[in-house]
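# Examining the three-dimensional arrangement
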Amino acid sequence: MAQLTYRASVSLAIAQSMRKDQKVFFIGEDVGAAGGVFKATVGLLEEFGKERVMDAPISEQAILGAAMGAAMTGLRPIAEIMFSDFLAVCWDIVANQIAKTRYMSDGQINIPLVIRTANGGGSKFGAQHSQSLENWSMMIPGLKVVAPSCPSDVLGLMDSAVKDPDPVIFYEHKSLYAFKEEIEQTDISIPIGEANTLHEGKDITIIGLALMAQRAKEAALILKDKHDINAKVIDLRSLVPLDLQTIKKSVIETGHVLTVEENPRLCGWGAEISSLISEHCFKNLKGPVTRVTTPHVPLPSADILEDNTIPSVELIVNEVIKKLKGE
Amino acid sequence: MVDKLNDDIGEEKRLQLWEMMLKLRLVEKKAYDLFLQNLIKGTSHLALGQEAIAGAFGVALKQGDYTFCTYRGHAHTLARGSSIEGVLGELMGRQCGLMKGKGGSMHLTDVDKGVMGSYAIIGAHLTIANGTALASKYNKTNEVSVCFFGDGTTNIGAFHEALNMAKIWNLPIVFVCENNLYMEYTPINEVTAVEHPAADRAGAYDLDKIIVDGNDADEMLRTAEKAISKAREGKGPSLIEAKTYRHSGHSRADPGKYRPDEEVKDWMENKDPIKNYRAKLLDFNINEKIISEIEEKIKDQVEKATEISMASPIPEIKEIYTDVWANGGSEWHN
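Just so we're clear, the structure is a prediction, and the values are computed from it rather than from any experiment.

How each quantity is defined
- Residues numbered from 1 in each chain as written.
- Chains lettered and ligands numbered in written order.
- Predicted model: local features only at pLDDT ≥ 70, side-chain atom pairs only at ≥ 80, totals over all residues.
- Helix = DSSP H or I, 4+ residues; strand = E, 2+ residues; numbered from the N terminus.
- Expected span 1.5 Å × (residues − 1).
- Buried ≥ 20, exposed ≤ 12 C-beta atoms within 10 Å, placed from the backbone.
- Pairing = 2+ DSSP bridges.
- Right-handed = clockwise from strand over helix to strand, strands pointing away.
- Contact = placed C-beta atoms within 7 Å.
- Nonpolar A, V, L, I, M, F, W, Y, C, P; charged D, E, K, R; others polar.
- Domains from an automatic or database assignment.
- Axes fitted to C-alpha atoms, helices over the stretch in contact; angles between N-to-C directions.
- Parallel < 35°, antiparallel > 145°, perpendicular 65-115°, else oblique.
- Left-handed = near helix turned anticlockwise from the far one by under 90°.

## A look at helix H3 (residues 60-72) of chain A
Residue and element names in this part refer to chain A.
- Its 13 residues place the ends of H3 18 Å apart at the C-alpha level, agreeing with the 18 Å of an ideal helix rising 1.5 Å per residue.
- Of all the 13 residues making up H3, 13 are buried; the element is thus mostly covered by neighbouring parts of the structure.
- Backbone geometry just downstream of H3 places Gly 74 in the positive-phi region, at approximately 110°.

## Considering the pairing of strand S10 (residues 204-208) of chain A
Residues and elements named next belong to chain A.
- Within S10, five of the five residues are buried, which leaves the element mostly enclosed by the surrounding structure.
- The two faces of S10 match: Ile 204, Ile 206 and Gly 208 on one face and Thr 205 and Ile 207 on the other face are all buried.
- The pairing of S10 with strand S11 (residues 231-235) spans five bridges and is classified as parallel. Paired with Gly 208 across the two strands is Asp 235, which belongs to S11.
- For the segment spanning S10, helix H8 (residues 210-227) and S11, crossover handedness is right-handed.
- In this sheet, strand S13 (residues 257-264) lies alongside S10 in parallel orientation, the contact comprising three bridges. Opposite Thr 205, over in S13, you have Val 257 as the bridge partner.

## Looking at the interface of chain A and chain B
- Between chain A and chain B, the contact holds 40 residues from the first and 35 residues from the second.
- Top contributing element to the side of chain A that touches chain B by residue count: H3 of chain A, with nine residues.
- Taken together, the residues of the side of chain A that touches chain B break down into 19 nonpolar, 15 polar and six charged.

## Looking at the domain arrangement of chain A
Residues and elements named next belong to chain A.
- On domain assignment, one finds that chain A holds domain 1 (2-183) and domain 2 (196-325).
- Centre-to-centre, using C-alpha coordinates, domain 1 lies 26 Å away from domain 2.
- Going through the elements one at a time, helix H6 (134-138), strand S6 (144-146), helix H7 (151-163) and strand S7 (168-173) are the ones with two or more residues in the side of domain 1 that touches domain 2.
- Partitioning the side of domain 1 that touches domain 2 into residue classes produces ten nonpolar, eleven polar and four charged.

## A few points about the sheet that holds strand S8 (residues 238-243) of chain B
All names here are of chain B.
- The six strands lie next to each other as S2-S1-S3-S4-S8-S7, forming an open sheet whose pairing is parallel. At either margin of the open sheet sits one strand with a lone partner, and together these are strand S2 (115-119) and strand S7 (210-213). In this sheet, adjacent strand axes meet at a mean angle of 20° when their direction is disregarded.
- Sheet analysis places strand S4 (residues 173-179) next to S8, joined by six bridges and oriented parallel. What sits directly across from Val 174, in S8, is Ser 238.
- Across the sheet, helix H8 (residues 217-232) lies against S4, S7 and S8, angled at about 170° from S8, the strand it touches most.

## Thoughts on the sheet that holds S10 of chain A
Residues and elements named next belong to chain A.
- Taken together, the five strands give an open sheet; going across it, the order is S9-S11-S10-S13-S14, and neighbouring strands pair in mixed fashion. If you trace the sheet from one side to the other, it starts and ends with strand S9 (196-199) and strand S14 (290-294), each paired once. With direction set aside, neighbouring strand axes in the sheet form an average angle of 25°.
- Contacts between H8 and the sheet are confined to S9, S10, S11 and S13, with S11 contributing the most and set at about 165° to the helix.

## Observations concerning the packing of helix H2 (residues 51-60) of chain B against H8 of chain B
Residues and elements named next belong to chain B.
- Where H2 contacts H8, the axes come no closer than 8 Å and their chain directions differ by 50°. One finds that H2 runs oblique with respect to H8. Handedness of the H2/H8 crossing: right-handed. For the pair H2 and H8, the contacting residues are Ala 52, Ile 53, Gly 55, Ala 56, Phe 57, Val 59 and Ala 60 in the first and Ala 217, Met 220, Leu 221, Ala 224, Glu 225 and Ile 228 in the second.

## Things to note about unusual backbone geometry
- The amide bond that connects Val 240 of chain A to the next residue, Pro 241 of chain A, takes the cis arrangement and shows omega of -10°.
- With respect to the helices and strands, Pro 241 of chain A occurs in the loop between strand S12 (238-240) and helix H9 (244-254).
- Its identity is not glycine, yet Lys 124 of chain A carries a phi of approximately 60°, on the positive side.
- Tracing the sequence through the fold places Lys 124 of chain A in the loop between strand S5 (114-119) and H6.
- Here Lys 124 of chain A falls in the partly exposed class, since 15 other C-beta atoms lie within 10 Å of it.
- For Asn 285 of chain B, which is not glycine, the phi dihedral falls at a positive 60°.
- With respect to the secondary-structure elements, Asn 285 of chain B resides in the loop between helix H10 (273-283) and helix H11 (288-311).

Following this line, the structure appears as structure tokens:
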């Protein structure tokens with residue numbers, strides 16, 4: 001049993017994949033000698049050398065293009081985009097090339113690569129280094145979208161992402177890098193597309209992802225202790241593929257649903273979940289699906305502004321109480 | 001005057017090049033005819049007039065090498081040995097097409113032949129071609145990657161990112177700029193800071209400045225062979241700028257009226273790579289009968305492939321839902 005941070009689990013997960021498969025290599029900006037700007041890739045260069053841990057120029061298109069081309073030949077690259085916000089400068093490679101080439105080629109080409117990127121707010125970095133962009137990639141056919149909420153999920157989902165024959169975008173949450181967990185076994189695999197239950201309950205279903213899943217869990221503990229409300233917290237872990245069955249099963253039991261999203265309101269992933277629930281579980285619903293999101297604004301920087309923009313534990317608690325008790 | 005005594009290319013390779021270029025020309029002409037008959041839908045970008053470039057590389061490359069081209073990629077695909085019915089069938093949206101109608105004219109792909117795709121967003125494929133080159137280096141194998149693109153590509157960021165990365169990592173790749181003088185509808189020199197859009201940028205990436213007459217098939221072949229050898233020997237990337245001209249407009253929708261009549265006439269009459277190469281073959285005392293036999297053979301191949309394509313069934317509607325994922329399907333939830 002060892003205590004592992006989310007940050008350390010990233011470098012360990014990459015190392016484990018690279019030890020198992022010579023086809024895996026790692027490319028990104030400041031990832032080798034510097035160990036990553038979030039120190040999430042420390043030690044990889046020392047263990048695997050420059051041929052497998054490649055420090056790249058500030059050229060996000062060239063980084064992802066090179067990863068894609070290598071993947072087309074059967075290698076299994078892991079490419080880092082330092083901040084998910086930077087996906088905007090290489091979005092052609094992601095959305096037009098990586099996502100569509102398998103389909104357009106009638107299945108002649110597989111692209112088994114992982115794009116890992118630091119996502120989300122909480123660091124007071126302002127509007128261009130803090131976004132939660134899972135929904136950008138979710139809406140593109142051909143991309144798998146993973147966002148782990150804890151160190152063990154980083155380990156297990158990274159293992160699956162690297163082995164996956166399709167492109168996976170792996171959103172690591174910046175505010176979780178310091179998150180610690182006791183871990184018995186580090187060489188684990190968690191299938192992509194299986195949601196995780198972080199808290200059991202039959203009064204309401206709270207659906208979250210990454211940091212919001214952890215906040216939903218904290219909210220559930222408060223709801224239970226102080227308000228006698230038993231919330232089931234579902235951590236989706238991946239948006240594509242989506243574990244609809246786990247959602248349905250819980251909604252049938254609870255009849256109440258709250259989604260908690262870090263992204264701005266419009267076209268956030270909760271809208272799709274809400275739509276699916278009304279299609280599949282309409283008769284089970286005791287009220288409308290509630291979406292808790294960041295307001296539809298860019299993320300501000302100052303402590304008080306950012307803290308009041310991203311959904312907090314307190315906000316989740318209050319929304320649940322309002323929903324169930326009308327208070 | 002040709003120097004027959006010091007001929008470095010030889011009759012066999014010249015005839016190979018002749019056959020290759022002729023095939024590219026006649027298939028493109030057929031594609032144009034099929035458009036006029038409304039048997040090909042969507043858009044299409046013909047490489048008529050630019051055959052010497054794809055043709056020379058087609059002759060110079062080996063099996064296993066990787067090529068990447070643009071939406072103007074019918075010729076580059078055929079040049080690697082893809083079947084004519086595979087190309088025409090794809091343009092016509094038939095099951096015999098290279099991608100069974102899933103990709104269309106702008107995305108021809110034939111991995112078995114090393115055709116790693118045709119890319120329709122300017123610039124992207126230069127970065128992706130670096131990836132196959134990186135894989136060859138990583139695996140310590142000796143394939144060469146070749147990436148074809150137009151003059152307009154030299155003004156997009158991906159071009160510069162890709163050249164820099166290819167150089168710093170000494171990748172086995174050849175970048176080939178086909179400068180046909182027009183960026184879609186606009187003269188390239190009106191929108192570019194330098195006279196030679198690719199070659200004048202080479203120095204910025206510590207690459208040699210290479211300019212070649214892209215309509216001179218022999219010169220094109222020599223240039224291609226030299227750059228490919230350099231890459232294969234681990235001596236790094238090259239950037240070639242081949243001057244050429246497209247006989248047709250940018251795409252199906254474009255009659256090319258923005259180009260001066262005199263200019264078009266000069267390139268069509270005096271600088272047509274195929275017309276000139278036929279004359280050169282005769283200068284080298286190659287029997288006209290052999291030249292004509294090849295012409296007849298290719299015409300026959302194109303007609304037969306057209307018949308096969310027209311007889312090939314259209315795709316089944318269920319194909320819409322296949323091959324998003326490696327498991328063959330398109331499901332996104334359980």
